[in-house]
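# Report on the structure
Each chain, written out:
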Amino acid sequence: MEKNRWLMALSAVGVHICIGSVYAWSVYVKPIQTQMNWDLTDVTIAFSVAIFFLGLSAALMGKFVEKNGPRVSAIIAASLFGLGTMGSGLAIMMESKILLYFFYGVLGGCGLGIGYISPVSTLVKWFPDKRGMATGLAIMGFGFASAVWGPTIKVLIEAVGISGTFFILGAVYFVVMFASALYLEKPEEGYLPEGFKKKVESGKKKIKKDLANLGLSEAVKTPRFYGLWIMLFINVTCGIAIIGVASPLLQEVLGVSAIAAAAAVGLMGIFNGAGRIMWASLSDFLTRPVVYVIFFATQAIAFYMLPSITEIVVFQVVLYFIMTCYGGGFASIPAYIGDIFGTKELGAIHGYILTAWAAAGLVGPLIISMVKDATGSYSQTLYVFAAFFVVAFIVSILMIINIKQVKKQNKH
């Protein structure tokens, strides 16, 4: 029996919505600090280690995911992430930072990385006609997750304590991810959905040919690989930075209350999620290279303008627009990889490119704190990021030129 590709997309969302709970880590911070008497850095390290291992495991396990298929990979991810979350409960009970870093950071982080790439490369193969939209759907689950898990964690901590919360959620994540993993499967070689197949046969639609069909070792030797890496790195560095400083920025530039700033930050998560599906679907029509040019041109202007906007509504509109680009940048990358390197080892290449995310997670917050310490204001940091986007804009134009050159060579 042929599997339903929309159920395949739903299974991918099931995996991503669980691992995306890492974005709700901040909800644990205060309760853990209060109960354990640890300082903010102690608690934040767990999150940083998790994001670092996300990037590391996505890079190192990409080949494994391609070889063993999405089901086996997602089951491993479910086990690691479920165990990592439950183990965090044990770490809190034993009052051990090292155990928390190991369970939440190392085990959970590896579950994150493998879980992130497992369903995505499979979806690209199930949706040859709507690549962007399909990967956007899954990665949207990751973006929206904090809106689901944030309030849940808060309620659970009040009801059963921190350890209890980790135990319950670890079990929930495992069950949802395991059930989703069981449905995941690669389509057969050359798969085309029925309706699309008919249109191709009647000549109404053309199958877009990928620029090349490269394995990981060949892809890494092309300038396009590094172009994608730099583009994702800059988009994520600036996005993580704005997520980190949105609350103090709103209070500093516009003088809004801490509560109003917190509400605005909550809304940012929704735009982050919505941007993933919106931009990724748009990229199916506008093409991926064009969408990235739009991202960087508009964000360079947005970051440059933000510090001088005094109208609260306009400020928020610009802020939310930036968040859609941040999410959209993540969601459009897998389809872009498919377009320029083919689907032969898409998961492995995607894993390598995600190291840009791990690097950005370390660099973004660093730049902010350095510029803030040097200038005494958050607004100055935004000019630095506006300059970053100008660099990304140039890279995105160079990508288009390079792709055109390769197409020309392919014709000869």
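Residues numbered from 1 in each chain as written. Predicted model: local features only at pLDDT ≥ 70, side-chain atom pairs only at ≥ 80, totals over all residues. Heavy atoms only, no water.

### Section: the side chain of S332
- Position of S332 relative to the elements: it lies in helix 11 (residues 312-341).
- Other than its neighbours up to four places away in sequence, S332 contacts W279, A280, S283, R288 and Y292. (Helix = DSSP H or I, 4+ residues; strand = E, 2+ residues; numbered from the N terminus. Contact = heavy atoms within 4.5 Å.)

### Comments concerning the domain arrangement of the protein chain
- For the protein chain, the assigned domains are domain 1 (5-199) and domain 2 (216-410).
- Each partner contributes residues to the interface: domain 1 has 28 residues there, and domain 2 has 34 residues.
- Between domain 1 and domain 2, a total of about 2600 Å² is buried, with carbon and sulfur atoms accounting for 70% of that surface.
- Where domain 1 packs against domain 2, one counts two salt bridges.
- Note that K63 and E345 form a salt bridge whose closest N and O atoms lie 3.1 Å from each other.
- The interface formed by domain 1 and domain 2 holds ten residue pairs in polar contact (both at pLDDT 80 or more) in total. (Domains from an automatic or database assignment. Buried area = accessible area lost by both parts, 1.4 Å probe. Salt bridge = Lys/Arg side-chain N within 4 Å of Asp/Glu carboxyl O. Polar contact = N/O pair within 3.5 Å; in protein donor to acceptor, adjacent residues only side chain to side chain.)

### So, the packing of aromatic side chains
- If you walk through the whole model with that rule in mind, you get 28 aromatic pairs.
- Note on F52 and F53: the rings are 5.6 Å apart at their centroids and 90° apart in plane angle, and the pair reads as edge-to-face.
- Residue classification places F52 among the partly exposed positions, given a relative accessible area of 38%.
- Taking relative accessible area as the criterion, F53 reaches 21% and is therefore assigned partly exposed. (Phe/Tyr/Trp six-rings, centres within 6.5 Å; stacked < 30°, edge-to-face > 60°. Buried < 20%, exposed > 50% of the residue type's maximum accessible area, 1.4 Å probe, protein only.)

### Topic: helix 13 (residues 355-375)
- Look at helix 13: 30 Å from first C-alpha to last across 21 residues, which is about the 30 Å you get at 1.5 Å a residue.
- The largest bend in helix 13 is about 25°, located at G361, with the proline P365 one to four residues further on.
- Those residues of helix 13 lying buried are A356, W357, A358, A360, G364, I367, I368 and V371.
- G376 occupies a position one or two residues after helix 13 and carries a positive phi of about 80°. (Expected span 1.5 Å × (residues − 1). Bend = angle between axes of the 7 residues up to and from the residue.)

### Focus: the pattern of salt bridges
- One pass over the structure, following the stated rule, counts eleven salt bridges.
- Note that R288 and D284 form a salt bridge whose closest N and O atoms lie 2.7 Å from each other.
- A relative accessible area of 6% places R288 in the buried class.
- The residue R288 makes a salt bridge to D339 at a minimum N-O spacing of 2.8 Å. Taken together, the residues R288 in helix 10 (residues 288-305) and D339 in helix 11 connect sequence positions 51 residues apart.
- By sharing partners, the salt bridges in this structure join R131, D284, R288 and D339 into a single network.

### Section: the confidence of the model for the protein chain
- The predicted model of the protein chain has a mean per-residue pLDDT of 85, with 95% of residues at 70 or higher.
- The least confident element of the protein chain is helix 6 (residues 194-201), whose mean pLDDT is 70; the most confident is helix 10, at 92. (pLDDT = per-residue confidence, 0-100.)

### With respect to the state of the cysteines
- In this structure the tally under the stated criterion is zero disulfides.
- For the unlinked cysteine C325, the closest cysteine sulfur is that of C238, found at 11 Å. (Disulfide = S-S within 2.5 Å.)

### Some remarks on the nonpolar core
- W25, I32 and L228 are the most contacted members of the largest nonpolar core, which totals 113 residues.
- The element best represented in this core is helix 11, accounting for 15 residues.
- Three or more residues apiece are contributed to this core by two domains, here domain 1 (5-199) and domain 2 (216-410).
- Residue contacts for L228: discarding those within four places in its chain leaves I333, Y336, I337, I340, F341, I353 and M399.
- Listed in part, the 13 residues of the second largest apolar core include L123, M133, A181 and Y191. (Core = buried A, V, L, I, M, F, W, Y, C linked by side-chain atoms within 4.5 Å.)

### Considerations on the side chain of S57
- For S57, the position within the fold is in helix 3 (residues 40-93).
- Classification of S57 as buried rests on a relative accessible area of 6%.
- When neighbours within four sequence positions are excluded, S57 is seen to be in contact with G62, G109, C110, G113 and I114.

### So, unusual backbone geometry
- Even without being a glycine, N37 presents a positive backbone phi close to 65°.
- Mapping N37 onto the fold places it in the loop between helix 2 (26-36) and helix 3.
- The backbone of E95 sits at a positive phi, close to 55°, despite the residue not being glycine.
- The topology assignment puts E95 in the loop between helix 3 and helix 4 (97-126).
- Overall, the relative accessible area of 59% leaves E95 in the exposed class.

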